[in-house]
Amino acid sequence: MKHPITLNVNGTPYSVDVATAQSLLYAVRDQLGLTGSKEGCDDSECGACMMLVDGRPTNSCSYLAVQADGAEITTVEGLGEGDELSPLQQVFLEEGGVQCGFCTPGMLIAATALLQANPSPTAEEIRIGVSGNLCRCTGYDGIVRAVLRVSREGASV
Amino acid sequence: MSTTRTRTPLVRGRVGELMPRRDAEPKVTGAFAYSSDLEAEGMLFAVTVRSPHPHARIAAIDTAAAVATAGVHAVLTHADVPGRKTVGMHRADQPVLVVDVVRYQGEPVVIVAADDLETARRAAVLVVVTYEVLEPVADPERGEVLRDVRIRHGDQSLGADVVVSGSYEVGMQDQAFLGPESGLAIPDGDGGVDLHVATQWLHLDQEQICAALDLPPAKVRVHLAGVGGAFGGREDVSMQIHACLLALRTGRPVKMVYTREESFFGHVHRHPAWMRYEHGATPEGDLVYVRAEILLDGGAYASSSPAVVSNAACFAAGPYRVQRATIDARVVMTNNPPCGAMRGFGAVQVAVAHEAQMDLLAAALGIDPVDLRVRNALKTGDRMITGQVIDGPAPVRELLEGLRAMPLPLERGSLRADLRELPGGVANTTHGEGVRRGVGYAIGFKNMGFAEGFDDYSTARVRVSLVNGEPLVEVHTAACEVGQGLVTVLEQIARTELGFEHVVVLPADTTVGSAGSSSASRQTWMTGGAVKAACEAVRERLHELAADRSVEETVEHHHRPTFPLDPETGQGDAQVALCFAAHRAVCDVDTDLGLVRVVEIATTQDVGRIMNPAQCEGQIQGGIAQGLGLALMEEIKTENGLVRNPNFTDYLIPTILDMPPVRLAISETPHPDAPYGLNGVGEPPTIASTPAIAAALRAATGRPVTRVPVRPDDLI
């Protein structure tokens, strides 16, 4: 059975028909063609699929598309302004927060949510804030450094 | 050429400079196309039917119901493989699709392509495979020997006054790259195919696809798609041939993306190891002999097991001078999951044993463990246990002394410490009572590149043209960027050699010669060397450059030859170069519950030459995280050949909360044989970090800790 829903993704409303069991991740990736969010485990363990759903960091692999009907959704593609990177994206790039990059979209979403809730987190608060996101390449140090820099520079996310 | 350099002295982004990775911007915006993000007009989705049994004979395969499903375009078995029906890195022993006997759980039997993923999955369920289940060989002691490597070095009758012995085990680790196996095969309408795939070695994929499809290389073009991590797990083929088969059969593009569970069955793992060691020394602490029996479980197929067991043998004694070595290393075949390449292959396993032995010996001698290591440290001019004289840098002593000089983290304060700083964390299992701190040291080494006579090389094509009067440098190789930062380093090399600002590294594919594998810490040395050489060749001809005339050179870079090991004695100049790293772990252990918190890892590593500081540090920190995972949590558990934990809920990899701060000091002893004096960087961080943690846990608890990953029961 298909359900007509509206997904407001990165400020743009999309009307789509989704199956009951369709995950938000696959609705956004396959039906909207926004492939920035990744599937790493399909099990809410790795965080590569993380999106903001009404401002809340959400593992979209384990969230039904129908649950997101009418919600405001932010994916990695919506973090910058046009061609401008967000301050967080910029420091991830500069501080070695990216290697293979597969975790990066979800990591950026988690860090964005953290900074929106707490604009000047400590290193420990940053670590807790992104502890639901696995990275296999960096050892995480560049990620902590990047978020700390945004925190210290007080740039709005 | 110096004239070129003086003309543009301010070009930035040369070798050694801090330069953000070139692919970071698309990766932070979500625009970077990983192999799982690709699509093509009219593409089909394909899935794999896998054996639920680790050992079985296939009596019948009935695909009729699947074929009859609306939306299904192809259901293929081994009978549909037109060419060679087997693949493999060292020997072609692994069926493309099972022919008659299943040899490990999850082995691919049938592939299905349909209009969409749901239809493909439903049809796959309708495939009926009749298995005659066989008893699996799950005990490696009963496995058939695939390769044994004997080392008999020095006077075999030498004995010693002080002797220590121990048995050690290493569990089966998974690469656990975050981007599962995936790719897109597009038929060209003329009997050929283009495959876009996440891989480590494009030309080896191409060669194996060609053999299976019975096509010449010109008909099979392999292109690197975005790679979500590799760590050795993408060296063997997974879905490559399957997608190409289906694309050619259906005439439509075919996409395959493994699930996480499939990924655990879709690639080889790190060999589990069982090791018995005996060390003998003089009362003063000079190593006299090392005896070791090493058993590796290679699982169902050969993969790169022959190279892994070779490394385990060659590096079995650690980076120490030893008068006599008696090493018997063997890798066997069982019905357990196939094992092969993973970061530090072979050297990782034996480091767990040789470093524990050095600590045992230090205790027996009453010598400080670092002093004992320094006393026996290999240096340039020494012989390894393979008889090879080390003619490159071997800064073992320097790394150990540098590491020891690094400050230790502060002692934990009062009993009112923050819960988050204690083992168990906010689970509130201790307020500090029963918590003891331990410090452990370890050092490891490994070869850069392939060994034992393999003629290893890489190819680079460099072209300079004028675009609106400005020089444009295009660098084309088949070297795989897997996340390590290669494309950025290649760009830096071309800019350094030619002095032009505008350098573009073209997408990697098989339309240029092979670059070999992005593995064995070799790619910056090998493909970096090829790009450097191609730039030098171009530089000689820059006077020909004109608005309507570009200059292009293609160069192969070979490293110096290596030689086989003597089959009886294991002696031979088998290695190109060696890379070294030392680690110090500080761990707090709740000795009541066996819970661990790693407080800090300190490391000293010699990289020859820092090509890109941020990337170099990133490799070291990331490698340590994988070493920590092997020490404390990462293990594929099998039971009679069946994998019990093929998911990230039960196979744990370190989260950010598991990773302590890393204190690092990178040294640069130029390697005389390497471009820019560089050395391999990627693997050494994963070698001694694991035994350093084990040593810290021994120091904290007094328990023997002879197996990794360490379990709470081992610590109480």
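Fair warning: this is a prediction, and the values are worked out from it, not measured in the lab. (Residues numbered from 1 in each chain as written. Chains lettered and ligands numbered in written order. Predicted model: local features only at pLDDT ≥ 70, side-chain atom pairs only at ≥ 80, totals over all residues.)

A. View of the overall build of chain B. For chain B, the count of helices and strands is 15 helices and 30 strands. Against the 2.2 N^0.38 benchmark of 27 Å for 716 residues, chain B shows a C-alpha radius of gyration of 26 Å, consistent with a compact globule. Its C-alpha atoms put chain B at 75 × 75 × 60 Å along the principal axes. The buried share of chain B, reckoned over its 716 residues, is 61%. (Helix = DSSP H or I, 4+ residues; strand = E, 2+ residues; numbered from the N terminus. Rg over C-alpha atoms; globule rule 2.2 N^0.38 Å. Buried ≥ 20, exposed ≤ 12 C-beta atoms within 10 Å, placed from the backbone.)

B. Geometry of unusual backbone geometry. For the bond from V708(B) to P709(B), the omega torsion is -5 degrees, close enough to zero to count as cis. With respect to the helices and strands, P709(B) occurs in the segment after β30 (707–708). Positive phi, normally seen in glycine, also occurs at Y140(A), with a value near 80 degrees. Mapped onto the elements of the fold, Y140(A) is located in the loop between α4 (123–129) and α5 (141–153). A positive phi is found at S521(B), a non-glycine position, where the angle reads about 55 degrees. Note on placement: S521(B) falls in the loop between β23 (503–505) and α13 (523–539).

C. Spatial organisation of the domain arrangement of chain A. Residues and elements named next belong to chain A. You can read the domains of chain A as domain 1 (2–78) and domain 2 (87–153). Here domain 1 and domain 2 have C-alpha centroids that lie 21 Å from each other. Each partner contributes to the interface: domain 1 provides 14 residues, whereas domain 2 provides 12 residues. Looking at the side of domain 1 that touches domain 2 element by element, the count peaks at 3 residues for strand β3 (residues 50–53). (Domains from an automatic or database assignment. Contact = placed C-beta atoms within 7 Å.)

D. Representation of the environment of R22(B) in the model. Residues and elements named next belong to chain B. Along the chain, the position of R22 falls in the loop between α1 (2–7) and α2 (24–29). Distance from R22 to C314, taken between C-alpha atoms, is 37 Å for residues 292 residues apart in sequence. Discounting chain neighbours no more than four positions away, the residues touching R22 are V487, T488 and E491.

E. Structural detail: α13(B). An ideal rise of 1.5 Å per residue puts 24 Å on 17 residues; α13(B) measures up with 23 Å between its terminal C-alpha atoms. Extensive coverage of α13(B) is indicated by the burial of 14 of its 17 residues. (Expected span 1.5 Å × (residues − 1).)

F. Representation of the packing of helix α12 (residues 486–498) of chain B against α13(B) in the model. Residues and elements named next belong to chain B. Following both chains from N to C, one finds α12 and α13 inclined at 30 degrees, their axes separated by 9 Å at the closest point. Considering their axes alone, α12 and α13 lie roughly parallel with respect to each other. Along this stretch, α12 crosses α13, giving a crossing that reads as right-handed. Residues L486, V489, L490, I493, A494, E497 and L498 of α12 touch α13, and the partners they reach there are Q523, T524, T527, G528, V531, K532, C535, E536, V538 and R539. Among the residues making up the contact of α12 with α13, the classes are represented as 9 nonpolar, 4 polar and 4 charged. (Axes fitted to C-alpha atoms, helices over the stretch in contact; angles between N-to-C directions. Parallel < 35°, antiparallel > 145°, perpendicular 65-115°, else oblique. Left-handed = near helix turned anticlockwise from the far one by under 90°. Nonpolar A, V, L, I, M, F, W, Y, C, P; charged D, E, K, R; others polar.)

G. Representation of the packing of helix α9 (residues 347–365) of chain B against helix α15 (residues 689–701) of chain B within the structure. All names here are of chain B. Two numbers describe how α9 lies on α15: the axes approach to 8 Å, and their chain directions differ by 35 degrees. In this structure, the crossing between α9 and α15 has a hand that is right-handed. Contact residues: V348, A351, V352, E355, A356 and D359 in α9; T690, P691, A694, A695 and R698 in α15. Of the residues that constitute the contact of α9 with α15, the class distribution is 7 nonpolar, 1 polar and 3 charged.

H. Structural view of the pairing of strand β17 (residues 287–297) of chain B. Residue and element names in this part refer to chain B. With respect to burial, β17 is a largely interior element, 8 of its 11 residues being buried. Both strand β16 (residues 273–281) and β17 contribute to a ladder of 9 bridges, which runs antiparallel. Its bridge partner being in β17, G280 is matched across the sheet by Y289. The antiparallel hairpin formed by β16 and β17 contains 5 residues in its connecting segment, where G285 sits at a positive phi of about 105 degrees. Of the pairings in the sheet, the one linking β17 to strand β18 (residues 324–333) comprises 9 bridges and is parallel in character. Across the sheet, the residue bridging to L296 is V331, located in β18. Taken together, β17, helix α8 (residues 305–314) and β18 form a β-α-β motif whose crossover is right-handed. (Pairing = 2+ DSSP bridges. Right-handed = clockwise from strand over helix to strand, strands pointing away.)

I. Geometry of the interface of chain B and chain A. At the junction of the two partners, chain B supplies 41 residues and chain A supplies 41 residues. Counting only elements with at least two residues in the side of chain B that touches chain A, the list comes to α2 and α14 (613–632) of chain B. Counting residues per element, the side of chain B that touches chain A draws most heavily on α14(B), which supplies 7 residues.

J. Broad picture of α5(A). Across its 13 residues, α5(A) extends 18 Å between first and last C-alpha, which sits within 8% of the 18 Å expected from 1.5 Å per residue. Among the residues of α5(A), those classed as buried are D141(A), G142(A), I143(A), V144(A), A146(A), V147(A), V150(A) and S151(A). Residues of α5(A) that are buried sit in contact with α2 (87–94), α3 (104–117) and α4 of chain A together with α14 and β29 (662–667) of chain B. Phi turns positive one or two residues past the end of α5(A), at G154(A), with a value near 65 degrees.

K. View of the environment of I636(B). All names here are of chain B. Residue placement: I636 occurs in the loop between α14 and β27 (638–639). What makes I636 buried here is the crowd of 22 C-beta atoms within 10 Å. Taking C-alpha positions, I636 is 8.9 Å from D650, a pair spaced 14 residues apart along the chain. Among all residues touching I636, those that are not within four sequence positions of it are M172, D174, H269, P337, V643, N645 and Y651.

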